Amino acid sequence: MNSQKIAKAVAINLSSRIGLGVLGLLQVVLIAKAFGVSAITDSYMIAIWIPLFIWGIGDSVLTYSLVPYLITLYVKNDKQTAKEAANQIFSWFFLLLMLFASLMYLISPYLVYILAPGFSKEVRILTHSLLQLLSPAIFFGGLTAFFSALLYTIKRFSIPAIAALLPDVCAISFILFGIEKWGIKAVVFGFLTGVSIQLIVLLLTLVKLDILPKFRWSGIAEFASRAKLMGPRLGGVGLNRAIIGVDRFFASILGAGSVSILAYSYRLTQLPVMIVVSAFGKTLMPTIAKEVAQGNINAVRKFIPHAIGFALFCLTPIVFLLIYFSEPIIRILYQRGAFTAEATSLAAQVLVFYSIAILFQSVGVIFSGIFYASGDTWTPFKVTSLSLLLNVVLDFILMNIFGIFGIAMATICVAFISMIVLYHKLKSKIGRIEISPVFKSVIKIAVATGFMGLTTWGLTATFTKYISYGNILIGQLIEIGTYSLISWTVFLIVCWFLRSEEYVIIKMMLKGK
């Protein structure tokens with residue numbers, strides 16, 4: 001594995017993911033200001049989940065199934081064989097996207113009853129309208145995912161990384177300048193405009209590189225063979241993302257604003273996961289697939305503890321800060337306009353539970369990625385099916401005991417159990433996985449996080465008595481930012497002192513070695 005090329009690819013995708021995370025968060029902040037925790041926001045969060053659900057499935061399936069497959073063809077056969085396979089798969093994928101988009105438009109009135117049974121009649125009507133407006137996004141978004149996957153196959157990461165920012169940029173623009181005229185629909189109009197421009201950019205790029213897929217309707221056998229492999233992956237990712245829908249299904253029963261509370265908090269926890277896990281998944285998966293195609297299982301086994309250690313090294317301090325500063329973070333980001341102090345308190349408590357789940361989810365994603373790279377899509381599908389059923393049961397039980405917090409608690413339990421099951425399944429598939437490096441990394445990261453916590457507590461306990469910015473936003477940002485920066489520096493110093501392997505790797509990547 002060429003570490004320098006991987007580091008460059010990771011840097012490109014990481015930059016894109018940071019941009020996506022920041023822009024997506026800004027979009028949610030503007031929505032919170034305009035509509036707060038309300039039935040209108042609930043309606044939008046339910047409606048937007050459908051296209052994002054399908055986009056996420058398509059992006060994940062194509063990245064973890066199509067890309068490794070095309071790379072394997074290229075390694076074992078030739079470039080023309082891979083290109084022809086892409087043409088055949090694209091043709092039928094195009095047709096399926098049209099069918100899905102049309103179907104969503106037609107059945108949207110009935111979808112509302114399934115997705116949010118607790119909505120009132122007025123909110124159901126609004127949700128139905130938003131779903132119909134968003135139906136073209138399924139088609140456009142699916143094509144962008146396919147075109148991006150083709151560029152990932154030939155290690156072209158820059159254009160899809162930049163183009164991915166366009167939907168959020170346009171949505172933010174429409175919110176700023178069209179919210180008074182169109183209300184919540186301004187977000188949808190901006191979203192559709194952005195994804196249309198993104199599609200055009202990717203299409204022109206493929207034309208320039210002479211890899212734009214052509215329609216080959218005779219390739220139904222090729223598509224069927226890929227669908228057979230991608231089917232479990234499709235189902236696995238779909239079930240995994242359906243867990244979000246299940247949470248919002250139960251939240252709709254708890255009353256107006258409950259769906260919004262979950263969505264606002266969940267958005268914050270997905271920012272670090274998106275940045276770290278997704279960025280590395282899109283850049284390392286093609287490399288892992290190549291190792292598998294060449295039969296280098298030992299290289300894959302050695303990769304696993306390093307990947308887990310790196311994910312925990314990056315995410316643990318973020319999780320700590322999200323938990324410690326949960327209420328200030330929610331207050332700084334959301335509490336303005338229609339978003340009240342009461343909503344801040346609720347969202348902050350939900351954020352604590354969702355933050356803990358991040359660590360288990362990130363490790364589970366790594367385990368699943370290894371299965372997909374090796375062509376095994378059924379095992380993650382089975383584990384995710386179990387997770388979904390478990391989530392339904394735990395949501396129902398814990399919601400009736402702890403209300404909205406019970407739904408967030410269920411997320412932790414499901415993520416942990418899923419991670420454990422995936423580990424044992426992976427060990428059975430590829431043989432013994434060296435766990436001792438992971439334990440060493442976890443111990444060092446835990447010690448460093450402990451010192452980080454003591455530093456943060458000391459700073460807040462000492463200076464909060466003398467420095468208070470009240471409701472001054474910039475002052476609160478400086479205060480939280482300064483405490484976080486100092487405590488994070490302490491974390492890195494302790495990791496350096498303990499000779500953390502992850503710290504050394506990042507240092508080498510920054511130096512370009």
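This structure is a prediction, so every number in the text was calculated from the model and none was measured. (Residues numbered from 1 in each chain as written. Predicted model: local features only at pLDDT ≥ 70, side-chain atom pairs only at ≥ 80, totals over all residues. Heavy atoms only, no water.)

Draft legend 1. Focus on the overall build of the protein. Check the secondary structure of the protein and you find 17 helices and zero strands. When the 513 residues of the protein are sorted by exposure, 54% land in the buried category. Within the protein, contacts between residues at least 6 apart in sequence are counted, and of these 85% link residues at least 24 apart. Carbon and sulfur atoms provide 69% of the accessible area of the protein, an area that totals close to 22,700 Å². (Helix = DSSP H or I, 4+ residues; strand = E, 2+ residues; numbered from the N terminus. Buried < 20%, exposed > 50% of the residue type's maximum accessible area, 1.4 Å probe, protein only. Contact = heavy atoms within 4.5 Å. Areas by Shrake-Rupley, 256 points an atom, 1.4 Å probe, with all protein chains shown as cover.)

Draft legend 2. Focus on the packing of aromatic side chains. All told, the structure shown has 22 aromatic pairs when counted by the stated rule. Their ring planes at 40° and their centres at 6.0 Å tell us that phenylalanine 367 and tyrosine 423 sit as a pair that is tilted. With phenylalanine 367 in helix α12 (residues 341-373) and tyrosine 423 in helix α14 (residues 404-430), this residue pair connects regions lying 56 residues apart in the sequence. No difference in accessibility class separates phenylalanine 367 from tyrosine 423, as the two residues are buried. Each residue in the set Phe90, Phe93, Phe94, Phe139, Phe140, Phe146, Phe147 and Phe215 is aromatic and connected to the rest through ring pairs, giving one cluster. (Phe/Tyr/Trp six-rings, centres within 6.5 Å; stacked < 30°, edge-to-face > 60°.)

Draft legend 3. Structural view of the environment of glycine 406. Looking at where glycine 406 falls in the secondary structure, it is placed in helix α14. With a relative accessible area of 0%, glycine 406 lands in the buried category. With residues near it in sequence (within four places) discarded, glycine 406 still touches Leu398 and Met399.

Draft legend 4. Local environment of the nonpolar core. Residues Tyr44, Tyr334 and Phe367 are the most contacted members of the largest nonpolar core, which totals 137 residues. No other element matches the 15 residues that helix α10 (residues 297-324) contributes to this core. Excluding its chain neighbours within four sequence positions, the residues that come into contact with tyrosine 44 are Gln27, Ile31, Leu130, Ile184, Val187 and Val188. (Core = buried A, V, L, I, M, F, W, Y, C linked by side-chain atoms within 4.5 Å.)

Draft legend 5. Broad picture of the packing of α10 against α12. The interhelical angle for the contact between α10 and α12, taken along N-to-C directions, is 165°, at an axis separation of 10 Å. Considering the angle they form, α10 stands roughly antiparallel to α12. Considering the relative orientation of α10 and α12, their crossing is right-handed. Contacts from Val300, Phe303, Ile304, Ala307, Ile308, Ala311, Leu312, Leu315, Thr316, Val319, Leu322 and Ile323 of α10 reach α12 at Leu351, Val352, Ser355, Ile356, Ile358, Leu359, Ser362, Val363, Ile366, Phe367 and Ile370. A per-class count over the contact of α10 with α12 returns 20 nonpolar, three polar and no charged. (Axes fitted to C-alpha atoms, helices over the stretch in contact; angles between N-to-C directions. Parallel < 35°, antiparallel > 145°, perpendicular 65-115°, else oblique. Left-handed = near helix turned anticlockwise from the far one by under 90°. Nonpolar A, V, L, I, M, F, W, Y, C, P; charged D, E, K, R; others polar.)

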